[in-house]
Every structure is written in C-alpha cells, then in structure tokens.
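# Descriptive structure summary
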Amino acid sequence: MPVITLPDGKQKQFDSPVSVAEIAASIGPGLAKAALAGRVDGKLVDTSFSVEHDATVSIVTEKDQDGLEILRHSTAHLLANAVQELFPDAQVTIGPVIEDGFFYDFAYRRPFSTEDLAAIEQRMAEISAKDLPVHRRVLPRDEAIAHFKNIGEHYKAEIIGAIPAGESISLYGQGSWEDLCRGPHVPSTGKLKAFKLMKVAGAYWRGDSRNEMLQRIYGTAWATEKQLKEYLKRLEEAEKRDHRRIGRELDLFHLQEEAPGAVFWHPKGWALFQSLVGYIRQRQGEAGYQEINTPQIMDRELWIQSGHIEKFGENMFMTKTPDERTFAIKPMNCPGHVQVFKQGLRSYRELPLRLAEFGKVHRYEPSGALHGLMRVRAFTQDDAHIFCTMEQVTAESVAVTQLILSIYRDFGFDDVRIKFSDRPAKRVGSDEIWDKAERALQDACAAAAIETELNPGEGAFYGPKLEFVLRDAIGRDWQCGTLQVDLNLPERLGASYIAEDSQRHIPVMLHRAMLGSLERFIGILIEHHAGKLPLWLAPVQAVVMGITERQDEYCAEVTENLKNQGLRVETDLRNEKVGFKIREHTIKRVPYLLVAGDREVEARTLAVRTRSGKDLGAVELNELAALLTEEVAGRGRIILEDRLSQRRSA
RNA sequence: GCCGACUUAGCACAGUGGUAGUGCAACGGUUUUGUAAACCGUAGGUCGGGGGUUCGAAUCCCUCAGUCGGCACCA
C-alpha cells in the first residue's frame, strides 16, 4: 500500500506496488509520455521501476539535467547497438556521459572511418525509429562474467570481474542487443531523436598508455532537434574565437615548423605580452615580492639534486658543451631561486622572502601534446617562490590565492575553478611530510574561504597544489595559476635559515604562478574576449584616420598627442575611403576609431566610433584623451561610452 | 609518444595520372573620398621535405616532419 509523495507535496495512495510510469500516468497523459525515468527517494530509477513502499517520487523528463544525462547515456547504448549490428566482431567496453554528449569505446580490428561513422549514425536513427522498448534484467556477478565471456565480450567480463563477488549485475538492452549497465535508461529507443556522431579517436583501454588502443566514438545528444542545432551553432561560433586563428588575423604571433612549440611574437602580440608583464610586475611589487633573474642553463647536477632529472629527465632539453659538461636548459625556476636564497646566512627575520621571476622555461613536451599557445615547449612563467616558516604558510597562501583571484577579475574572469591536487604515486618525501603539507594547504583554502574540487593524485612530485583552471572557447580546461606547498625541495637543495632558537631550520617553499604560462594565458584571454581585448590590453588602442589629405597634419598631431599620454595609437593616412579603413580596423578589433574630417579639424575634435559599430559623435581632443586614459586605468570597468553619455545627459 | 585526418601563393580554398587555378591580402597607377569592401593593372607556387612507381606525379606507394582532433603526459 505505498503512499507516494510528489515534489509539490501532494500525496497519492496506491493499493499495490506501482511503477514510476504508472505514477506519471496517474498525474497526466502528457507527463506519462514525457517520462524518461524517475527519482525515488532521491535515487534515479527506470520508469519500469516498481515502488513497493512509501516514497518520495518525482518524474524525470528531458527538462531535468538528470533526464538529459539519461538521454545521452541511452544514446551511447544506441551507438553501441548500431556498431555491433554493423560490425559484429567489435567488442564493447565503456560508454559514459560527458559534457554535452557521450562517447563509447570499442575494441575493433581497425579504426573506424568517417564513412563508418555516417553508416553508424544512420543505423542509430533506424533503431530509434523502431521505438524498441528498453529492457533490463539482473544476473549474479559470476553468471554475468560467464555470459559476457561466452559471447566474446572480454572487456566487459574484465569490468565485471572488478565488481565484488556476490553482487548482482544489471543488463540493459533493446531488441536482441544487450550491454552491462547500472542504468537507468529511457523506456524506449524512440525517445532518442536529437543526436549526432562527432568524431572518432583512439583511446587507451583503462586510460593507460601501456594498454592497447581502442576506437572511441564521440557523440552529442539533446532533448530536441532545436537544441542540437543550437549546440552545433555554438561550436561553430567558438571556432571563430580560436586563438590560433585570431592570433594570425590580428598579427600577434606565429609558429613554424623549425621551432615546434615555440612562439614567434610579432610587435602587436609582444605589446600584449608586455602589458601583462607590466601589470603583474606592478601587482606583485605591491604585494611584497622582489623580482630576480636566474640562469637559463645550469649544470645538470642541480637537477639531479632537485629530483627533476629522475622524474622529468626525458622531457628536458640538455646541452653538452665542448668541455664535456652537461647542462640543462631550465624546465622550471625553483632550483635557481633556491640558489639565490642560499646566498649568505638567512635569518628568520627575512621571512617570508618572496622572490619572483618572469622565467622562460623549456620543456620537451610530447609531440602530441602541443597545442597553439596553450601547450608549448618554450614558455614564460610569472613564477615566484616564497620562503617562509611553517607558521607563515596559511597567511601567505591566503594572500597568494586572493591576489590571483583579484588579478583574474581584472582580466574579466569572475568564475574560476580551483582544483586541489594531492599526493601523486610517484613522489619524493615521507608520508608525514605530505600529511603536513596537504593539511597546510587545506587550512589555507579554508582560511581563504575558497571552494575547491579534489583532483586525487595530481599533485607535483614535491608537494600538493592548487590549480586555478580557466576554460578555452570550446570548453577545454587549462591550468593557469598554481600554488604549491613544498616541504621537500628546500631540504634536497640545502636551503636553511637561522631561527629564533639560533638553530638552522629548513624553510617551507611555496611555489606560485598567477597567470601560469604567459603564452597560455594570452591564448585563453584571446578566446575569452574573441580577440576584442579590453582597452588596457589592446595592442593598438585607437587608430586616427582622416577623410582626405587635408586632415593629414591634424591626424599626425592628434596621434602624437595621445601617444605622449601613454596610449597606443596609430595613424591611418592611406589613400582609401573612410569606410574601407573603418572596416579594416574593425576587423582588427581596434577598440576606438577616431575619424577627422574638415569639421573635426575646425572644432579640434574627433568623431569616435567603437569596434562594435557605435558612432559616439564628436569629442573634444583633451576630453577624449582623459576618457581613454581613465578607461585604461580602470581596466575595463569604466567605459568611455558610458562616461560620455553620463556627461552629455548631465 | 599512440590512433586518425590533414599539409597546394601571405590567408581561405579548388584541382584524382597529361602545361597549377579562384577569392581576399600584397605591389603599381587613377581617384581626395564622411563611418564595414572605389576602379584599372601587376606580381606571387620545387603543390611540407626526401625517396619510389610511371613515358609523365599536386594526384599512386614508402618514409620523415609539421599541423589538427582525441588518448596518454603536463614539474
């Protein structure tokens, strides 16, 4: 006699056990049709699930996030079903839901081609059109293993083998096709209408590069055709924000074959780069850091001491000199900074000592990892190491975290994900030291009141870390800022200070980078703003253009004037129509286009047009300079356009 | 590094065994122009590198490199 409580608080009593589908039907036929699954006392179940006791029940439809995920998961099954119909000797492995879609990994004797993909998608549509009911059955674990071995599904058998003995295994399927799955799934294949297979790629079995490579098929699935179209449109738009494309269009940088993973910065790109350096230099200077510079190439010995050779030797650039010494091109700055710390006898009174460097590092990254500015072999870190006592760790970590978040806000990143990465399998230092370091970093997170996601086993080999993660245009995550608590390297590299007790103590070293890699950060910045960099960062902030030769002299004078006030301004006196010049500089994302005709020369004004196409009318030269300077100083929080309309309405 | 695709003029692309093309950009000239493309003309390519098959290769085969999409890696 179950009593069912619905989300609106209403209760319904049934005489006998009742399925989720029946509950939906008792509420209304529309809901019965829309039902994809149910949530019974918080647990997701199939619509066929029978509720036998009093419970809170809600009906999951495509409007729920959970409903959408079930839809995607069922579409992954639909994919596997289609693949095995077309390629009967392909074995299934795993097929999870991911952001915006799903994938499924198959073991097959050859890679799938794009033609295969089209055929598979076609078959999926056919199975969907048949609207086959999705069925479920349960087998004891050992029986399930035997069953999958028997039908030649060795990967599935291996997966089930990892499930504790004695547990039951659920199998889901449609028609004669079946797969191991926890569920829940949609009630019938007809619910799966809006999907598309996106790409094929190789992927290692169990994510381990020592294993064989499987064939992964990626797909996307949505509740409606319209949502699918919107998603595809979004992807198309995101492609236009690609930093590699914008980098070329705006003449910021290039890469070429002779220097894989190394950037050739052009004047405009370098101007942007230098803006970032200048800004960080200012912010960290105010925060009590001292800037240093350390050698690019140092004896290999130092990297043996630090442990980098052992862990990353394969990824380091080495060079042997005629005198038979082997040097390493620095892959990071820490050992250099420790050498600076080690000069002379240090006192506890000097701590915390914050040493910063815009250090260019080289890492021989695997060829397949290279990606535009995001993953390169030569890059510049806004690196710093804070030498401090254990007692100072929390306060310093909180300060670093707050500084990073404040800086990110200036760049327009208000929503930053922070990951907490704890001890990796391959590491240096005792477990006691790791316990201490992880606790210190956790305390700091609590004190800074930041929320973090756990990233298990992803810490540096010498200490746990916080990762400040930003997202590119198509949703890929990239680590930018980082903060690491290191109780290992100072000792390995022989750093110490004299404490109040007159004894030598080993300092704690905090590693921190705020932008991380300047190259990567610029990549993210370009994609985030689609190339329309805020005024304070734009390589060219304004272009002054005349309408005829008569304004040439005035234009030159205005440009000179604005340049003298520290603005990055160019003149365009080419023999072209003003419409042509406007078009060109708009495409180049120049924030302000300043047009001078006879009227403007006469009144000593400039007609101001924004890159978004707004004509702000004539502005007096001195007022314009003041407004531009103000917008730069405000780092985008004060916009010339708003100021102008304020003044005009006042 | 692994799987797959791709590499033709500065950029975007066409060209499936028989004399390398189009658009934009570039350069020269005319035009002196009022807010997203004036007009005319000129030049530009060992078809990623190397090797092979063929009477003949951008095109077919091998190999190396780079790029792209994933995987693995990421101090």
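Residues numbered from 1 in each chain as written. Chains lettered and ligands numbered in written order. Predicted model: local features only at pLDDT ≥ 70, side-chain atom pairs only at ≥ 80, totals over all residues. Heavy atoms only, no water.

### Focus on the protein's contact with RNA strand B
Around RNA strand B lies a shell of 55 residues, among which M332, S367, E549, N575 and R583 are the nearest. Each atom of RNA strand B within 4 Å of the protein was classed as base or backbone; sugar and phosphate made up 51%. Here R599 contributes a backbone N or O atom positioned 3.4 Å from a base oxygen of RNA strand B. Elements supplying a minimum of two residues to the surface near RNA strand B: β14 (194-204), β15 (213-222), α8 (243-249), α11 (308-312), α18 (578-587), α19 (598-603) and β35 (605-610). By residue number, the principal contributor to the surface near RNA strand B is α18, which donates 7 residues. Split by residue class, the surface near RNA strand B holds 22 nonpolar, 15 polar and 18 charged. (Near = heavy atom within 4 Å. Polar contact = N/O pair within 3.5 Å; in protein donor to acceptor, adjacent residues only side chain to side chain. Helix = DSSP H or I, 4+ residues; strand = E, 2+ residues; numbered from the N terminus. Nonpolar A, V, L, I, M, F, W, Y, C, P; charged D, E, K, R; others polar.)

### Topic: the packing of helix α3 (residues 65-86) against helix α4 (residues 114-129)
When two helices pack together, their arrangement is captured by the angle between the axes and the distance separating the axes. Where α3 contacts α4, the axes come no closer than 9 Å and their chain directions differ by 115 degrees. Considered as vectors, α3 and α4 are oriented roughly perpendicular to each other. Crossing angle aside, the handedness with which α3 passes α4 is right-handed. Together, T75, L78, L79, N81, A82, V83, E85 and L86 of α3 and A119, I120, R123, M124, I127 and S128 of α4 make up the contact between the two elements. (Axes fitted to C-alpha atoms, helices over the stretch in contact; angles between N-to-C directions. Parallel < 35°, antiparallel > 145°, perpendicular 65-115°, else oblique. Left-handed = near helix turned anticlockwise from the far one by under 90°. Contact = heavy atoms within 4.5 Å.)

### Points about the domain arrangement of chain A
With domains assigned, chain A is organised as domain 1 (3-61), domain 2 (66-238), domain 3 (280-528) and domain 4 (542-649). With centres defined by C-alpha atoms, the gap from domain 3 to domain 4 works out at 43 Å. (Domains from an automatic or database assignment.)

### Considering the packing of aromatic side chains
The full count for this structure, using the stated rule, is 23 aromatic pairs. Both rings, one in F317 and one in Y364, keep their centres 5.7 Å apart while their planes meet at 90 degrees; by these two values the pair is edge-to-face. Separated by 47 residues along the polypeptide, F317 in the loop between α11 and β20 (318-320) and Y364 in the loop between β23 (353-362) and β24 (378-388) bring together distant segments of the chain. Judged by relative accessible area, Y364 falls into the partly exposed class, the value being 39%. Summarising the aromatic geometry, the rings of Y408 and F413 are spaced 6.3 Å apart at their centres and angled 65 degrees between planes, so their arrangement reads as edge-to-face. Exposure remark for Y408: the relative accessible area of 0% places this residue in the buried category. The rings of Y279, Y408, F411, F413, F468, F521 and W536 are connected pair by pair, giving a single aromatic cluster. The ring of W222 has R72 lying over it, and the distance from NZ or CZ to the ring centre is 4.4 Å. (Phe/Tyr/Trp six-rings, centres within 6.5 Å; stacked < 30°, edge-to-face > 60°. Buried < 20%, exposed > 50% of the residue type's maximum accessible area, 1.4 Å probe, protein only. Lys NZ or Arg CZ within 6 Å of the ring centre and 35° of its normal.)

### Looking at unusual backbone geometry
With an omega of -5 degrees, the peptide bond between G183 and P184 qualifies as cis. Topologically, P184 is positioned in the loop between β13 (177-180) and β14. A cis amide bond, omega -5 degrees, links L351 with the succeeding residue P352. Note that P352 resides in the loop between β22 (346-347) and β23. In this structure, D131 takes a positive phi of about 50 degrees despite not being glycine. On the secondary structure map, D131 appears in the loop between α4 and β11 (134-140). The exposure class assigned to D131 is partly exposed, which follows from its relative accessible area of 41%. The phi dihedral of A449 falls on the positive side, at around 55 degrees, and the residue is not glycine. Along the chain, A449 turns up in the loop between α14 (431-448) and β26 (453-455).

### Quick notes on the pairing of β15
Remember that side chains alternate between the two faces of the sheet whenever the strand is regular. Counting buried residues in β15 gives 8 out of 10 residues, a clear majority hidden from the surface. With 6 bridges connecting them, strand β10 (residues 101-107) and β15 associate as antiparallel partners. Pairing of F103 across the sheet is with Y218, part of β15. Across 10 bridges, the pairing between β14 and β15 is antiparallel. Within β15, the position partnered with K199 by the bridge is Y218. (Pairing = 2+ DSSP bridges.)

### With respect to the sheet that holds strand β31 (residues 508-517)
Spatially, β18-β23-β24-β31-β28-β27-β25-β26 is the arrangement adopted by the 8 strands of the open sheet, whose pairing is mixed. Of all strands in the sheet, those with a lone pairing partner are β18 (290-291) and β26, marking the two edges. Bridge count for strand β28 (residues 477-486) against β31 is 5 bridges, and the pairing is antiparallel. Paired with L483 across the two strands is R512, which belongs to β31. On the sheet, helix α12 (residues 334-341) packs against β23, β24 and β31 and is oriented at approximately 145 degrees with respect to β23. Sheet strands in contact with α14 are β25 (417-421), β27 (465-471) and β28, and its direction is about 160 degrees off that of β25.

### Digging into the sheet that holds β22
Pairing between sheet strands relies on hydrogen bonds along the backbone, with the strands arranged either parallel or antiparallel. Strand order in the open sheet formed by 3 strands is β22-β29-β30, and the pairing between neighbours is mixed. Strands at the two margins of the open sheet, each flanked by one partner only, are β22 and β30 (504-505).

### Overview of helix α6 (residues 154-161)
Where α6 is concerned, the buried positions are Y155, K156, A157, I159 and I160. Looking at the buried side of α6, the elements it contacts are β8 (91-92), β10, α5 (141-150), β12 (168-174), β13 and β15.

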